[in-house]
Amino acid sequence: TGVGFKYVAGALALYGFFYYICRDHGLAQVHFRWPEAIRLTLQRNLWWLIRFIIPLVFPFRSESNVQYGDSLGRLAFMTACLGVSVFAARILRFSGPIVLTLIKNNPKGWLVRARYAWYPLLVGLPLLMALLAGLGYYYHTAVTLANRVIQTYELILIVAIVYHLLLRWLFIAKRRLAYEEARQEREEEAAERGQGADEETAEMGREGEKVVVQEEEITLEEMDEQTRKLLRAVILFALIIGLWTTWDQVLPAFQSLLDIRLWSYSAEVEGVTRSLPITVSDLLLALVVGAITLVAARNLPGVLEITLLKRLPMDKGARYAFTTICRY
């Protein structure tokens, strides 16, 4: 009984947190600026999912009791799987606001192109869990896979919330920088008028300064675009690592493929020369590190400008030199 109540409390806290983010005047509406159709879709479906799933968690998780774990628990598990499948089908349907927004914002993106693969996967996996439980593969197969599926859904929701929190921080930082630049321009214009300089000479000086800014300092729009690209790359890699960590233990066949030796090299380890292998997993890790390095090098100047350099007492030339060295 205590175990069942513990899982009920955890599920209610987690999914209730997601629901309150999507409620009226919540984070999704006020700060994240999610499209209203997406927010309402998530809010309505989370509302019925919480009321449908939470009562089923208690008999499903009370596995220490044979009466619940083997009979009522299996029925609750199968019913919960059906509910999760319906939830995924409703919020991710191709005619729904989430997929239509993805298509509108990035019609040629890999996520849009692969929708015919990930949609049946996310909707069909809970149905497969229910089928396996009905056929008798309950404890060691259906429950194990169901835990991974639930963790995958939770990971996607958490990554989405973190991404939009970072976007909100980026918006506030950009607005603060725009305000500071406007204030500095007003102070410079006031100083020029106070000196009584010739209008034509002052105009030529301002034009020359603008040329220098264009050559040595990136604009706010470039900062915003570079920072967004880097954020998307970091979030994507974090999602991939999270999915790999979640499913690593239930994919032994795939793990054996990653351990295939491609070639070997000789190295001295503790004074002994040994032959060390290069496996498929090593190659994939090298490719991931290379991709992260490439994305970071291309978008690092904007991130440094908007997060660090604007706060330091450095002129434009020093900031340009610093970002160039960091890229190298």
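A few points on the structure.

Next up on the list: a nonpolar patch on the surface. Where nonpolar side chains cluster on the molecular surface, the patch consists of Ile-260, Leu-262, Trp-263, Leu-283, Leu-284 and Leu-287 and spans about 560 Å² of accessible area. Of all elements in the fold, only strand 1 (261–269) and helix 12 (280–307) reach the threshold of two or more residues within the nonpolar patch. Tallying contributions element by element places helix 12 first for the nonpolar patch, with three residues. Residue placement: Leu-287 occurs in helix 12.

Glancing now at the pairing of strand 2 (residues 272–279). Taken together, the eight bridges between strand 1 and strand 2 define a ladder with antiparallel strand orientation. Looking across to strand 2, one finds that Tyr-265 is bridged to Leu-276. Turn length for the strand 1-strand 2 hairpin, with the two strands adjacent in sequence and antiparallel, is two residues, and the turn residue Glu-270 shows positive phi of about 55 degrees.

All chains considered together, the criterion is met by eight aromatic pairs. Summarising the aromatic geometry, the rings of Tyr-15 and Phe-18 are spaced 6.4 Å apart at their centres and angled 70 degrees between planes, so their arrangement reads as edge-to-face. Pair noted here: Tyr-15 and Phe-18 are both in helix 1 (residues 2–22), with a separation of three residues, about one helical turn. Exposure remark for Phe-18: the relative accessible area of 3% places this residue in the buried category. Considering the side-chain rings of Phe-94 and Tyr-119, the 5.1 Å spacing of their centres and the 50 degrees angle between planes classify their relative orientation as tilted. Taken together, the residues Phe-94 in the loop between helix 4 (66–91) and helix 5 (97–105) and Tyr-119 in helix 7 (residues 115–135) connect sequence positions 25 residues apart.

A separate point is unusual backbone geometry. A positive phi angle is found at His-25, which is not glycine, with a value near 60 degrees. Structurally, His-25 can be placed in the loop between helix 1 and helix 2 (27–30). Look at Arg-33: it is not a glycine, yet its phi comes out positive at around 55 degrees. With respect to the helices and strands, Arg-33 occurs in the loop between helix 2 and helix 3 (36–61).

The next point concerns the side chain of Thr-152. Note that Thr-152 resides in helix 8 (residues 138–195). If near-sequence neighbours (up to four positions away) are discounted, Thr-152 is found in contact with Leu-243, Thr-246 and Trp-247.

On to the nonpolar core, then. By size, the foremost hydrophobic cluster in this structure holds 36 residues, and its most contacted members are Leu-42 and Leu-46. Secondary-structure elements contributing two or more residues to this core are helix 1, helix 3, helix 4, helix 5, helix 7 and helix 8. Here this core gets ten residues from one element, more than from any other, and that element is helix 3. In this structure Leu-46 touches Phe-18, Tyr-19, Cys-22 and Phe-87, once residues within four positions along its chain are discounted. The next biggest cluster of nonpolar side chains, apart from the first, holds ten residues, and it includes Cys-81, Met-129, Tyr-138 and Val-143.

Parameters and conventions
- Residues numbered from 1 in each chain as written.
- Predicted model: local features only at pLDDT ≥ 70, side-chain atom pairs only at ≥ 80, totals over all residues.
- Heavy atoms only, no water.
- Patch = residues over 30% accessible without salt bridge, like charges linked within 9 Å, V, L, I, M, F, W, Y side chains within 5 Å.
- Areas by Shrake-Rupley, 256 points an atom, 1.4 Å probe, with all protein chains shown as cover.
- Salt bridge = Lys/Arg side-chain N within 4 Å of Asp/Glu carboxyl O.
- Helix = DSSP H or I, 4+ residues; strand = E, 2+ residues; numbered from the N terminus.
- Pairing = 2+ DSSP bridges.
- Phe/Tyr/Trp six-rings, centres within 6.5 Å; stacked < 30°, edge-to-face > 60°.
- Buried < 20%, exposed > 50% of the residue type's maximum accessible area, 1.4 Å probe, protein only.
- Contact = heavy atoms within 4.5 Å.
- Core = buried A, V, L, I, M, F, W, Y, C linked by side-chain atoms within 4.5 Å.

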